[in-house]
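Architecture and fold: a report
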Amino acid sequence: MDHSLSLRAVRTWFVALPDTEAAAPLARKAVSHATRTLRHASGRPWLVGRWAPEDMVVGEHEDTRVAVTGEHAVTPRAAERAAAVVARARSLTALDRAADWAGSFHLIASSGGQVLVRGCAVGLRRVFHTETAPGSAMVGVASDRADVLAELVGAGLDERRIALEMLTPAAPYPCAGDPLWRGLHALPGGCHLTLPPHGRSRTTRWWSPPDPVVPLTEGAGRLRDALVEAVGVRTRGRDLVTSDLGGLDSTAVYCAAVRGDAKVVAYTAALHDEAGDDVYWAGRTVQALDGVEHHVVPAGDVAMTFDGIDALDDILDTPSVLTVDRNRRMGIVEMAAARGSGLHLTGLGGDELLAGTPARLHALMLTHPLVALRSVRGYAAKYQWSRRGVLRQLLDRRSYRAWLERVARDATEPPVAVDEPLLDWAVPPRMPPWATADAVAAARELLRADRSVDPRGRGHGEHRELVAMDGISQWARHIGQMAAPLGITVSAPYYDARVIEAALAVRPRERITPWRYKPLIVEAMRGIVPEASRVRSTKANATLEEEAGLRRHRPALLALCEDSRLARLGLADERVLRDWCRRALSAETESYLLHPTVACEVWLRSREMTPRPADGEHGER
């Protein structure tokens, strides 16, 4: 495994260092691979990494520095004003109110010898951190990429964490998406990290979901304003942007974008399934808008699931289940980059935020029991849930910690049925049939490691929605890492904190219902999305792409089984895995079990690649 692969090959990354001479060895190593260095007021390195000069906005006031990088409209003057607020307050936490900006970004500040590093409300802008002793003193250090941080501090791979990544459908909160190197940690969404010059780093929460008390009509107006603003800060000043135009969520983003000055080119991928109606609805939208450029990608030109999985060379900092669909999802992004776009808009995030989860019924039963019972009947009929299963989950008041213990205990049980009600803390994940006894033991040990863990949100529903946003926002993050070599940013405006707040503030009984499809976005988009497509109530399904892709790309899947890296680590039984891959598998109940394992196998192989040189010239400020 190459111990400087990402430091040398990744196009964009940053490392934040505390204002202390003890960090000098880390700074020297980072600078040797970097193209940019920003300094503390003391002159010591503060931010080191690779980025284009225009991608990092910096403001200074006295000994305070504030830097912003990501998707935003923050000017140097605005960053300077925020730095002044922090300097006057003599507290980095003053940044929470001074930096209430639209967009999605990393925020890094240096003041009074301390450093603050902040991501976003969910998992899109991640922060990884560790404490190390490059000399005689302990030093805290943070980065936006886990692999870069691991290589910088010389952290070794933690095979136990890889075992946990094999859980299907995913590792549960708070384990999901953790870095796979010893001693590294992921900052939770909505928190910031403080690196003092001496002593241990501190984690503090800066964002929490709002109380869900706003009526639907008022909330729709707030969501409309927040989403239009989120799209606007991304498209403003650009001549050309591209956008997905498929489901209702991406249609809303696209229609918000065409209100601006940039030329917006739309792309719609057709599905092999004749029931997939994205092309039909996209056509209605384009016809109503008149004169827009729209490209339909024929189904035969769209890659299927498992396409090319034995030849992927993306350098991701964590395994991603998106790997199995990498070529299918990246096809349009590659077309957009070839068209000359530097920004591609997606509707990722809309499902979790706008459709929500029926698990909100737990809280609704206590406050509005008649409304809740009516919704229970609606969901049970819609998804064919059994009454016994619904009652069992609604009456289950065990803690999240107790639920995690059950997950650990039942890790090798068969997967839950597809018609199991969705009212629990999450779908209980399972280890796949090819997981070895060592892998199962490691996963159980990690699931039981934190006896004091609290759920991500208040109650089953809020927890489940936030965890889903954490998980899918990491898909968007991984797509961004895949797209970076193409010189294009893939943007998911639904994950902006202001957009999330506007949606989650709406009363759950109005936002989440079996009787209407995403009522909040339908109401919010009046006057923005053409009436011909605003009331769409269908969503395309790619199950056919999964099953056909498995048949077509079985040789590539079997190639991954040869000399399996997971088998080398003692985590997978290569024979069982190979036999499973040879079978005809149902997309609904079987082949999805392969996704996390394929993600881990491809990721482990990617760490053995010869690094490609990253672009850019060395520079300093």
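None of the values given here were measured: they were computed from a predicted structure.

1. Digging into the packing of aromatic side chains
- The tally for this structure, following the rule as stated, stands at 10 aromatic pairs.
- Between Tyr 280 and Trp 281 the ring centres are 5.3 Å apart and the planes differ by 75°, which places this aromatic pair in the edge-to-face class.
- Overall, the relative accessible area of 14% leaves Trp 281 in the buried class.
- Through a chain of ring-to-ring contacts, the aromatic side chains of Tyr 173, Tyr 400, Trp 403 and Trp 425 assemble into a single cluster.
- Arg 583 extends its terminal NZ or CZ atom over the ring of Trp 580, reaching a point 4.3 Å from the ring centre.

2. Points about unusual backbone geometry
- That bond from Thr 168 to Pro 169 is cis: its omega, 10°, falls within 30 degrees of zero.
- Within the secondary structure layout, Pro 169 lies in the loop between helix 6 (159-165) and strand 10 (185-186).
- Backbone torsion omega between Tyr 173 and Pro 174 reads 5°, so that peptide bond is classified as cis.
- Secondary-structure assignment places Pro 174 in the loop between helix 6 and strand 10.
- Look at Glu 62: it is not a glycine, yet its phi comes out positive at around 55°.

3. Considering the sheet that holds strand 11 (residues 191-195)
- Overall, antiparallel pairing links the 6 strands, which are arranged 4-5-6-7-11-12 in an open sheet. The open sheet has two edge strands with one neighbour each: strand 4 (57-61) and strand 12 (202-205). For this sheet, the mean inter-axis angle between neighbouring strands, taken without regard to orientation, is 20°.
- In this structure, strand 6 (residues 103-111) lies alongside strand 7 (residues 114-118), joined through 5 bridges in antiparallel fashion. Opposite Ile 108, over in strand 7, you have Val 117 as the bridge partner.

4. Some remarks on the pattern of salt bridges
- Scanning the entire structure with this criterion turns up 50 salt bridges.
- Here Glu 131 ties to Arg 200 by a salt bridge, and the two come within 2.4 Å at their closest N and O atoms. Of the two residues, Glu 131 sits in strand 8 (residues 128-132) while Arg 200 sits in the loop between strand 11 and strand 12, which places them 69 residues apart along the sequence.
- A relative accessible area of 24% means that Glu 131 is categorised as partly exposed.
- Judged by relative accessible area, which is 62%, Arg 200 ranks as exposed.
- Arg 182 serves as the salt-bridge partner of Glu 159, at 3.2 Å between the closest nitrogen and oxygen. Residue Glu 159 is found in helix 6, and its partner Arg 182 is found in the loop between helix 6 and strand 10; the two are separated by 23 residues along the sequence.
- Accessibility expressed as a relative area gives 28% for Glu 159, which makes it partly exposed.

Analysis parameters
Residues numbered from 1 in each chain as written. Predicted model: local features only at pLDDT ≥ 70, side-chain atom pairs only at ≥ 80, totals over all residues. Heavy atoms only, no water. Phe/Tyr/Trp six-rings, centres within 6.5 Å; stacked < 30°, edge-to-face > 60°. Buried < 20%, exposed > 50% of the residue type's maximum accessible area, 1.4 Å probe, protein only. Lys NZ or Arg CZ within 6 Å of the ring centre and 35° of its normal. Helix = DSSP H or I, 4+ residues; strand = E, 2+ residues; numbered from the N terminus. Pairing = 2+ DSSP bridges. Axes fitted to C-alpha atoms, helices over the stretch in contact; angles between N-to-C directions. Salt bridge = Lys/Arg side-chain N within 4 Å of Asp/Glu carboxyl O.

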